[in-house]
Amino acid sequence: MAELKRAATDCTRFTAVSRVGWTHRFTVRPVSTAEAGDESVSYLLVNALAPGGRGNIMTVVRTGGVFATYLANQGSGEPTSMSTDVANQLHDRVRTAAGS
């Protein structure tokens, strides 16, 4: 998780290339993170071709050895991660499902 947190801050852009030939450029920036699970991190991922420059907010929550990624479309305001209450409810569900 430390590496992901560092990457969300240090990696500001990347290019993805598929085997069938498409290429997409993305920007990355950290956003405020829901304090959830054992650890969590959130970042905004934007495709350079996205209409209106809007992207997706990725929130990763660690529950023991399980990493769950939650994706939300960026709304019209400043991007923020999922609510802490929702993130912790999902964390509890993962913990229950894992039997811990």
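Described in the following lines is the structure provided in the data block. As the structure is a computational prediction, the values presented were derived from the model and not from experiment.

1. Some remarks on helix α2 (residues 84-98)
Part 1 of the reasoning: Between its first and last C-alpha, α2 extends 21 Å over 15 residues, near the 21 Å set by a 1.5 Å rise per residue.
Part 2 of the reasoning: Those residues of α2 that are buried lie in contact with β4 (56-63) and β5 (66-73).
Part 3 of the reasoning: Trailing α2 by a residue or two, G99 shows a phi angle of about 75 degrees, which is positive.

2. So, the pairing of strand β2 (residues 23-30)
Part 1 of the reasoning: As paired strands, strand β1 (residues 13-17) and β2 are joined by 5 bridges and run antiparallel to one another. Residue pairing in the sheet places T15 in a bridge with R25 of β2.
Part 2 of the reasoning: Hairpin geometry of β1 and β2 is characterised by an intervening segment of 5 residues between the two adjacent antiparallel strands and by a positive phi of about 110 degrees at G21.

3. Description of the pairing of strand β3 (residues 39-47)
Part 1 of the reasoning: For β3, the buried fraction is high: 8 of the 9 residues fall into the buried class.
Part 2 of the reasoning: Here 5 bridges tie β2 to β3, and the two strands are oriented antiparallel to one another. Within β3, the residue paired with P30 across the bridge is Y43.

Reading the values: the criteria
Each chain has its residues counted from 1, following the order in which its sequence is written. Since the coordinates come from a predicted model, pLDDT governs what is reported: local features require at least 70, and pairs of side-chain atoms require 80 or more to be given and counted, while whole-chain, interface and lining totals use all residues. Calculated side-chain values reflect all of the structure's heavy atoms, with hydrogen atoms and water omitted. A run of H or I in DSSP counts as a helix once it spans at least four residues, and a run of E counts as a strand once it spans at least two, with each numbered from the N terminus. To estimate the expected span of a helix, count its residues, drop one, and scale the result by 1.5 Å. Working rule for contacts: check all heavy atoms of both residues, and any pair within 4.5 Å makes them a contact. The pairing criterion for strands is at least two bridges between them, as found by DSSP. Each residue is placed in one exposure class: buried if its accessible area under a 1.4 Å probe, protein chains only, is under 20% of its type's maximum, exposed if it is over 50%, and partly exposed if it falls in between.

Spatial relationships are all this shows, so hold off on functional conclusions.
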